[in-house]
Amino acid sequence: MNSFKKIKSALISVFDKSGLEPIIHALNKDGVTIYSTGGTQTFIEELGVKVARVEDLTSYPSILGGRVKTLHPKVFGGILTRRDNQEDQKQIAEFEIPELDLVIVDLYPFEATVASGAAHADIIEKIDIGGISLIRAAAKNYQDVVILSSKSQYAEFQEIVENNAACSTTLGQRKSFARDAFEVTSHYDTEIFNYFNKEGKKEVFKQSITQSQVLRYGENPHQKGVFYGDLDAIFDKLHGKELSYNNLLDVDAAVNLMGEFKNDGPTFAILKHNNACGVATRSTIKEAYEAALAGDPVSAFGGILISNTKINQETALLINDLFCEVVIAPGYEQSALEVLQSKKNRVILVQKEINLPKNQYRTILNGVLEQEKDLITETEADFKTITKVAPTTQEKKDFIFANKLVKHTKSNTIILAKNETLLASGTGQTSRVDALEQAIHKAKTFKFELKGAVMASDAFFPFPDCVEIANLEGVKAVIQPGGSIKDELSIEYCDQNGMTMVMTGNRHFKH
């Protein structure tokens, strides 16, 4: 893999010229002939370095408003010619095509142009044609040609040519650059496809994420794990160790749950294994934290904590008494931060304002499932009272609160809530009765009075058994989607026992 090849000539044409100057000087120092055109040519000449104009090589000017500059056999022939192929060498000699040993090209910023909200016509003009063709050609012929397709490679390349004799590279180095080039082109094409696929969507799975972070391990120590994405776009990490695979799953669940309370009063949630074990809304964040912790102080150990408002010092002092993996908030008082940072490994995150993706993906069998996120959040306007007794004002507030939680809890689930506080939940049970009984048992374990609480279900009641059990425990208010062919049985039971029930028409399964 140490087949050294000297760089004698280079083609350089880049949109972003930052970081290019040291490369130009290094190539010039080693006597490399530099071909260029347009703005890059001007940039190089202003550095005092001689440039061979592409237009002089091809005998064609840049045409069509710059759309066609380098698309010519004298350019691509010089890149694609195989140095050890006699017929190739004979042809380039016949047509006076110079060999090109190095290609430095980047692509028009299509992705950034789309993100900027630019007009369609401007976006189309940022679809690179010549650049991506040059990158592919050079990468294909990595046996003889070096391709730099990103300014992030400049420092690595400069170190290589400075350390290797006579501005040369090895086969292994060239192949590595070629691999990176195909990553650039594949990502670029994916972004273009997805832009065009927004209208009249073709159902194919094409996603490309270029940033990654190798995790300590996956769900268990014997499993490898990697996160693909840009966490820095969502959080400012202020303190603590690197997030683990399981941390990230819980952080994702926490952020999605707290998104439901973005515009509510001070709300605090504690999560464990993707499910909330404590949630409360109060007039202060300190009170919200105390109420959330009281919901299940046992499960809170080692959990993920999240607030919808800035955390102050008095709240931080309480949090500091609990072993927790991660704390997330939109901000922290400086005095609160000093308290929370006293634990070396505790991860402290500031959540930024960001629009999260609206679709979800999951690998199954030999493929991928895609679905829209469950973005429906019911309000009082969505409630259909189907019993003789109507809910009170407080019960309506608790319905809204509980239904937000049920949406973010693993099915089958039942939520018991009171005064905008999670009393208990039954999570991930194979029957709705089991979920309810689990929730009741948990609520009683932590000495909660169920009289006056509301019950929320992620799906309809096929039988009246759940409302019967709830009634016996003092729960008189129920919110559920409805939709069972036997809805009337539950409604009749509620009417006979002075209970109120509302239906929303929206199921919230979460698997």
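Refer to the preceding data block for the structure.
Quick caveat: nothing in here was measured; it's all calculated off a predicted structure.

Peer 1: Just checking my understanding: could you explain the overall build of the protein chain for this structure?
Peer 2: Counting its secondary structure elements, the protein chain contains 18 helices and 23 strands. In terms of C-alpha radius of gyration, the protein chain reaches 31 Å, well past the compact-globule figure of 24 Å for 511 residues. Referenced to the eigenvectors of the C-alpha coordinate spread, the extents of the protein chain come out at roughly 100 × 50 × 40 Å. Within the protein chain, contacts between residues separated by at least 24 positions form 55% of all contacts whose residues are at least 6 apart in sequence. Approximately 25,600 Å² of the protein chain is accessible, and the part contributed by carbon and sulfur atoms is 51%. Charge separation in the protein chain, taken as the distance between the mean sites of 57 positive and 67 negative side-chain charges, equals 2 Å.

Peer 1: Honestly, the environment of I92 in this entry has me stumped. Any pointers?
Peer 2: Its location among the elements puts I92 in helix α5 (residues 86–94). I92 gets classed as buried once you look at its relative accessible area, which sits at 11%. In this structure, the C-alpha to C-alpha distance between I92 and T81, residues eleven residues apart in sequence, is 7.6 Å. When sequence neighbours within four positions are dropped, the list of residues in contact with I92 reads G77, T81, I97 and E99.

Peer 1: So what exactly am I meant to see when it comes to the pairing of strand β13 (residues 303–307) here?
Peer 2: When a strand is regular, its side chains alternate between the sheet's two faces. Along β13, five of the five residues are buried, which leaves the element largely enclosed by surrounding structure. Covered by surrounding structure in β13 are G303, L305 and S307 together with I304 and I306, the residues of both alternating faces. Sheet analysis places β13 next to strand β14 (residues 324–329), joined by four bridges and oriented parallel. Counterpart to I304 in the pairing with β14 is V326.

Peer 1: How do you make sense of the sheet that holds strand β15 (residues 347–351) when you look at a structure like this?
Peer 2: What links the strands of a sheet is backbone hydrogen bonding, and the strands pair in either a parallel or an antiparallel sense. A sheet is described by the order of its strands in space; here six strands give the open sequence β10-β15-β14-β13-β11-β12, paired in mixed fashion. At either margin of the open sheet sits one strand with a lone partner, and together these are β10 (235–239) and β12 (275–281). The average angle at which neighbouring strand axes cross in this sheet is 20°, direction not considered. Looking at chain direction, β14 and β15 are connected through four bridges and run parallel. Considered in β15, the bridge of V327 is made with I348.

Peer 1: Is there a simple way to explain the nonpolar core in this structure?
Peer 2: Buried together is how nonpolar side chains tend to be arranged in soluble globular proteins. Judged by nonpolar contacts, the single largest core of 50 residues is most densely connected at I12, L27, V75, I79, L102, I104 and F157. Residue contacts for F157: discarding those within four places in its chain leaves I7, I23, L27, L102, V146, L148, T169 and F177. Counting 37 residues, the second largest nonpolar core, distinct from the first, contains V251, A269, V279 and A456.

Peer 1: What is the right way to look at the packing of helix α4 (residues 73–80) against helix α8 (residues 130–140) in this model?
Peer 2: Think of two packed helices as two axes; the pair is described by the angle between the axes and how far apart they sit. Relative to each other, α4 and α8 sit at 25°, their axes nearing to 8 Å. With respect to each other, α4 and α8 are oriented roughly parallel. Touching V75, F76, I79 and L80 of α4 are G130, S133, L134, A137, A138 and K140, all from α8. Among the residues making up the contact of α4 with α8, the classes are represented as seven nonpolar, two polar and one charged.

Peer 1: What's the story with the packing of aromatic side chains in this structure? I'm lost.
Peer 2: Each aromatic ring pair is specified by the distance between its two centres and by the angle formed by the two planes. Evaluated as defined, the whole model comprises ten aromatic pairs. Centre to centre, the rings of F110 and Y188 are 6.3 Å apart; their planes meet at 65°, and the pair counts as edge-to-face. Residue F110 is found in helix α6 (residues 110–115), and its partner Y188 is found in helix α10 (residues 171–196); the two are separated by 78 residues along the sequence. Side by side, F110 and Y188 carry an identical accessibility label, which is buried. Three or more aromatic residues joined by ring pairs form one cluster here, namely F110, Y188, Y195 and F196.

Peer 1: It is not clear to me how the sheet that holds strand β6 (residues 146–148) should be interpreted in this structure. Could you clarify?
Peer 2: Across the sheet, five strands lie side by side as β4-β3-β2-β5-β6; this open sheet has parallel pairing. Each edge of the sheet is formed by a strand with only one pairing partner; in this case those strands are β4 (52–53) and β6. Inspection of the sheet shows strand β5 (residues 102–105) paired to β6 by three bridges, in the parallel sense. Within β6, the position partnered with V103 by the bridge is I147. Contacts between α8 and the sheet are confined to β2 (9–13), β5 and β6, with β5 contributing the most and set at about 150° to the helix.

What counts and how
Residues numbered from 1 in each chain as written. Predicted model: local features only at pLDDT ≥ 70, side-chain atom pairs only at ≥ 80, totals over all residues. Heavy atoms only, no water. Helix = DSSP H or I, 4+ residues; strand = E, 2+ residues; numbered from the N terminus. Rg over C-alpha atoms; globule rule 2.2 N^0.38 Å. Contact = heavy atoms within 4.5 Å. Areas by Shrake-Rupley, 256 points an atom, 1.4 Å probe, with all protein chains shown as cover. Lys, Arg positive; Asp, Glu negative; His and termini not counted. Charge placed at Lys NZ, Arg CZ, Asp CG, Glu CD. Buried < 20%, exposed > 50% of the residue type's maximum accessible area, 1.4 Å probe, protein only. Pairing = 2+ DSSP bridges. Axes fitted to C-alpha atoms, helices over the stretch in contact; angles between N-to-C directions. Core = buried A, V, L, I, M, F, W, Y, C linked by side-chain atoms within 4.5 Å. Parallel < 35°, antiparallel > 145°, perpendicular 65-115°, else oblique. Nonpolar A, V, L, I, M, F, W, Y, C, P; charged D, E, K, R; others polar. Phe/Tyr/Trp six-rings, centres within 6.5 Å; stacked < 30°, edge-to-face > 60°.

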